[in-house]
Amino acid sequence: MLPYNLDHVAIAVDNIDSAIDGYRTLFNIEVVYREVVVEQGVEEAMLAVGGSFVQLLQPLSVDTPVGKFLASKGEGLHHVAFAVPDILAALDHLKGLGARLIDESPRIGGRGAKIAFVHPKELAGTLVELVEVADE
Ligand code: CMX
Ligand code: CO
């Protein structure tokens, strides 16, 4: 299983508007997509950098993955996401290797993409997301 791109690097933030302002002011990076994803418990903003994104994540409540993360660790890097052409094939491949999956089957994330997570304890303490981007 070979990801074809680094889709995004996700950062947990307390205030998405001030985080967006910071990236715009310092790096002139603009938001190309912004969405509330209720199932994931976040408001997310995607900021384009070349063919990849910085994903800023503000939790919708404390009782969500990003809310719990902020409460225990504070703001910072939350996960990295690899783009894969076929997420079902990628999950089958990982299951075959006995990987510790958080999602056995894909969920729908921002941009209508199919997403699934691999546990951070599996990969040097970093949460990894697989993304199959929806057709334009
Ligand atoms: N990166 C690295 N480690 C993390 C982590 C993260 N993002 N989130 C939690 N952990 C670690 C904690 O530090 C803790 O480690 P210790 O046991 O060493 O203290 C351990 O995982 C358990 O932490 P927890 O607060 O009890 O969290 P849970 O086990 O309830 O949940 C996880 C952790 C990864 C299973 C959960 O956050 C999850 O399901 N994440 C996937 C969904 C998600 O993150 N959605 C938001 C993003 C949506 C998007 O990108 O579109
Ligand atoms: Co993500």
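Small disclaimer: the values here were computed from a predicted structure and weren't measured.

The next subject is unusual backbone geometry. A positive phi angle, close to 60 degrees, is found at Asn-28, a residue other than glycine. Topologically, Asn-28 is positioned in the loop between α1 (16-27) and β2 (31-37). Since its relative accessible area comes to 61%, Asn-28 is described here as exposed. Here Arg-111, not a glycine, exhibits a phi torsion of approximately 60 degrees, which is positive. Of note, Arg-111 is situated in the loop between β6 (107-108) and β7 (114-118).

This brings us to helix α2 (residues 65-73). Among all positions in α2, only Val-66, Gly-67, Phe-69 and Leu-70 are buried. End-on, the buried residues of α2 take up no more than an arc of 160 degrees, which puts them together on one face. Structural note: α2 exposes Pro-65, Lys-68, Ala-71 and Ser-72 on the side pointing more than 90 degrees away from its buried face. For α2, the secondary structure elements touched by its buried residues are β1 (5-12), β3 (42-49), β4 (52-59) and β5 (76-83).

If you look at the biggest cluster of nonpolar residues, it comprises twelve residues: Val-80, Val-84, Ile-87, Ala-90, Leu-91, Leu-94, Ala-99, Leu-101, Ala-116, Val-118, Val-128 and Leu-130. For this core, the secondary structure elements donating two or more residues are α3 (87-96), β7 and β8 (127-132). Here the element with the most residues in this core is α3; it accounts for four residues. Judged by nonpolar contacts, the second largest core, of ten residues, contains Ile-11, Val-13, Ala-45 and Val-54.

Time to look at the side chain of Asp-103. Position of Asp-103 relative to the elements: it lies in the loop between α3 and β6. Look at Asp-103 and you get buried, because its relative accessible area is 3%. Within the structure, Asp-103 has its side chain in polar contact with the side chain of Arg-107 (distance 2.6 Å). Here Phe-117 takes part through its backbone nitrogen, which lies 2.9 Å from a polar atom of the side chain of Asp-103. Excluding residues that lie within four positions of it along the chain, Asp-103 makes contacts with Leu-91, Ala-116 and Phe-117.

Criteria and cut-off values
Residue positions are given per chain, counted from 1 along the sequence in the order it is written. In the order they appear in the text, chains get letters beginning with A and ligands get numbers beginning with 1. Given that this is a predicted model, residues contribute local features only at a pLDDT of at least 70 and side-chain atom pairs are listed and counted only at 80 or more, while totals for whole chains, interfaces and linings are drawn from all residues. The side-chain quantities take in all heavy atoms of the structure and omit both hydrogens and water. Numbering of helices and strands runs from the N terminus; a helix is a DSSP stretch of H or I covering at least four residues, while a strand is a stretch of E covering at least two. When a residue's accessible area, from a 1.4 Å probe over protein chains only, is under 20% of the maximum for its type it is buried; when over 50% it is exposed; and in between it is partly exposed. Starting at the helix axis, one direction is taken to each C-beta atom, and the arc is that of these directions. The contact criterion used throughout is that any non-hydrogen atoms of two residues lie within 4.5 Å. Among buried residues, those of type Ala, Val, Leu, Ile, Met, Phe, Trp, Tyr and Cys that are joined through side-chain atoms within 4.5 Å constitute a nonpolar core. Polar contact criterion, stated in full: a pair of N or O atoms within 3.5 Å, where within protein one must be able to donate a hydrogen and the other to accept it, and residues adjacent in sequence count only if both atoms are side-chain atoms.

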